[in-house]
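Each chain, written out:
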Amino acid sequence: ADLSTTVAGVHLDNVFFNASGVWCQHEEELKALLESGSGSLITKSATFEHREGNPSPRYLPLPGGVGSINSMGLPNEGYEYYLNYAKQFDYTQAKPLFISLSGLSLADNVKMVTAFVEADLPCILEVNFSCPNVPGKPQLGYDIDAMDAALATLAPLIKKPFGIKLPPYFDIAHFDQVAAVVNKYDNLAYVTCINSVGNGLAIDLDTETALIKPKDGFGGLGGLMVLQTALANVNAFYRRLPNKQVIGVGGVVSGKEAFLHILAGASAVQIGTQLKEEGPAMFDRIKKELQEIMEKKGYKSVNDFRGKVKTL
Ligand SMILES: C=Cc1c(C(=O)O)[nH]c(=O)[nH]c1=O
């Protein structure tokens with residue numbers, strides 16, 4: 001079965017890659033992704049300056065495989081590290097490179113985008129509007145007018161096809177409002193849904209204590225428990241963005257959830273929590289599982305069933 005796809009005009013041999021933030025902060029991790037069964041790779045969201053991030057424990061898997069909680073606080077090497085990585089990246093090999101940018105201000109996003117545009121590299125830029133874990137910085141993804149203003153500045157600067165990382169939405173009116181903004185920008189080629197479900201609180205029964213240290217234990221939720229919210233966001237934007245694509249992320253732990261994301265409309269599928277727990281060998285397992293499901297159902301390519309979820 002053929003798992004290949006295109007996103008923002010570039011070809012991926014298979015639909016899978018890492019969720020930004022997982023296994024992608026340092027070039028050794030990115031090298032492991034390049035050598036893995038993934039179809040692509042994306043870097044950890046970059047800020048203008050290097051950041052240590054929040055104090056640990058700041059990521060934990062939750063008991064019973066239900067998912068994870070994180071309040072990393074945007075630890076990253078600073079955008080120049082990723083710009084240099086993108087400059088020396090071998091674009092002749094099969095995997096396209098995505099670069100995630102998450103400036104702490106529009107001015108920082110403009111400076112970082114300008115540097116990447118001036119370098120004129122084949123990598124695809126993804127602007128992260130949805131980091132829930134920087135204390136004192138409400139995420140842009142929940143301020144529709146601010147997101148529109150940011151895109152009005154950034155889209156013309158970027159010129160080429162690019163993407164944005166969105167938080168989960170839970171209200172139909174919000175799907176409508178966000179889609180209306182996204183549809184205004186022709187070179188905004190795709191949206192990645194969803195970022196973690198912001199500000200959950202995981203508490204340990206025995207110690208009666210929050211599991212993670214930052215923000216009184218409040219952090220973004222990921223993994224299997226966010227699957228249905230992720231599927232809803234993927235399908236909501238698939239229905240509302242006819243000339244764009246959706247990358248699906250959230251709750252993919254096996255070929256089954258990947259199949260559901262594509263059925264909901266995803267052109268590619270990112271994996272965060274499960275990659276963090278299992279490591280890059282996971283991609284070979286999940287590809288095989290998806291192909292088995294497709295063969296059982298008689299699908300030859302992911303294009304045969306993308307977006308074809310039925311309703312009653
Ligand atoms: C870019 C920061 C993010 C972080 C973080 O670095 O805390 N965690 C997430 O779940 N999503 C993000 O977008």
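Within each chain, residue numbers correspond to sequence positions counted from 1 in written order. Reporting in this predicted model follows two pLDDT cut-offs: at least 70 for local features of residues, and 80 or more for side-chain atom pairs to be given and counted; totals over whole chains, interfaces and linings ignore these cut-offs and use all residues. As a convention, hydrogens and water are excluded, and side-chain values are obtained from all of the structure's heavy atoms.

(A) The arrangement of the nonpolar core in detail. What we call a nonpolar core is a set of buried Ala, Val, Leu, Ile, Met, Phe, Trp, Tyr and Cys residues that are connected through their side-chain atoms within 4.5 Å. For every residue, the accessible area (1.4 Å probe, protein chains only) is compared with the maximum for its type, and the residue is labelled buried under 20%, exposed over 50%, or partly exposed between those bounds. Core analysis: the biggest nonpolar cluster contains 80 residues, and Phe 16, Ile 164 and Phe 237 have the highest contact counts within it. For this core, the leading source of residues is helix α4 (residues 144-158), giving seven residues. If you look at the next biggest cluster of nonpolar residues, it comprises 11 residues, including Leu 12, Phe 17, Ile 42 and Ala 189. Strands here are runs of E lasting at least two residues and helices are runs of H or I lasting at least four, both read from the DSSP assignment and numbered beginning at the N terminus.

(B) Structural detail: the packing of helix α6 (residues 227-240) against helix α7 (residues 255-264). Helix axes use the C-alpha atoms of the stretch in contact, all axes being lines fitted to C-alpha atoms, and the angles between their N-to-C directions lie in the range 0 to 180 degrees. At their nearest, the axes of α6 and α7 sit 8 Å apart, and the two run at 25° to each other. When the interaxial angle is binned, α6 and α7 end up roughly parallel. In the packing of α6 onto α7, the handedness of the crossing is right-handed. Taken together, the residues of α7 that come into contact with α6 (itself represented by Leu 227, Ala 230, Leu 231, Val 234, Asn 235 and Tyr 238) are Glu 257, Leu 260, His 261 and Ala 264. Considering only residue class, the contact of α6 with α7 consists of seven nonpolar, two polar and one charged. Working rule for angles: under 35 degrees goes down as roughly parallel, over 145 as roughly antiparallel, 65 to 115 as roughly perpendicular, anything else as oblique. Put simply, a crossing is left-handed when the front helix is turned counterclockwise from the back one by less than a right angle, and right-handed when it is turned clockwise. By definition, residues are in contact when any of their heavy atoms lie within 4.5 Å. Side-chain classes are defined by residue name, with Ala, Val, Leu, Ile, Met, Phe, Trp, Tyr, Cys and Pro counting as nonpolar, Asp, Glu, Lys and Arg as charged, and the others, Gly among them, as polar.

(C) Structural detail: the side chain of Lys 44. Here Lys 44 is to be found in the loop between β4 (41-42) and β5 (59-62). For Lys 44, the residues in contact, after removing those within four places along its chain, are Ser 20, Gly 21, Cys 24, Gln 25, Leu 74, Pro 75, Asn 76, Tyr 82 and Ser 100.

(D) How the structure looks around the pairing of strand β14 (residues 218-222). The element β14 is largely enclosed, with a buried count of four among its five residues. Two strands pair if DSSP finds at least two bridges between them. One ladder, built from three bridges, connects strand β6 (residues 67-70) with β14; its direction is antiparallel. Paired with Ser 68 across the bridge in β14 is Gly 222. In terms of strand pairing, strand β11 (residues 197-201) meets β14 through three bridges, oriented antiparallel. Note that in β14 the partner of Val 197 across the bridge is Leu 221.

(E) Just unusual backbone geometry, in detail. In this model, Ser 56 is joined to Pro 57 through a cis peptide bond whose omega is 0°. Topologically, Pro 57 is positioned in the loop between β4 and β5. With omega at 5°, the peptide bond leading from Cys 193 into Ile 194 counts as cis. You can see Ile 194 is positioned in the loop between β10 (188-193) and β11. Unlike most non-glycine residues, Asp 216 shows phi in positive territory, near 55°. Following the sequence through the fold, Asp 216 ends up in the loop between β13 (209-210) and β14.

(F) Structural context of the site of the ligand. Not every one of the 15 residues close to the ligand is listed here, only the nearest: Asn 70, Leu 74, Cys 131, Asn 195 and Ser 196. Whenever a nitrogen or oxygen atom comes within 3.5 Å of another N or O atom, the pair is scored as a polar contact, on the condition that within protein one atom can donate a hydrogen and the other can accept it, and that pairs from neighbouring residues in sequence are kept only if both atoms are in side chains. The backbone of Leu 74 places a nitrogen or oxygen atom 2.8 Å from an oxygen atom of the ligand. In this structure, an oxygen atom belonging to the ligand sits 3.0 Å away from a side-chain N or O atom of Asn 128. Of the residues assigned to the shell around the ligand, the class counts are five nonpolar, nine polar and one charged. A cutoff of 4 Å decides nearness: a residue is near a molecule or strand if any of its heavy atoms lies inside that distance of it.

(G) The sheet that holds β4, seen in detail. In spatial order, the strands read β3-β16-β15-β10-β9-β8-β7-β4; together these eight strands make up an open sheet with parallel pairing. Each of the sheet's edge strands pairs with one partner strand only, and the pair in question is β3 (16-18) and β4. Sheet topology places strand β9 (residues 162-166) next to β10; five bridges connect them, and they run parallel. Pairing of Lys 165 across the sheet is with Thr 192, part of β10. Contacts from α6 reach β9, β10, β15 (245-249) and β16 (266-271) within the one sheet, and its direction differs from that of β15 by about 180°.

Remember, this is a structural readout, not a statement about activity or role.
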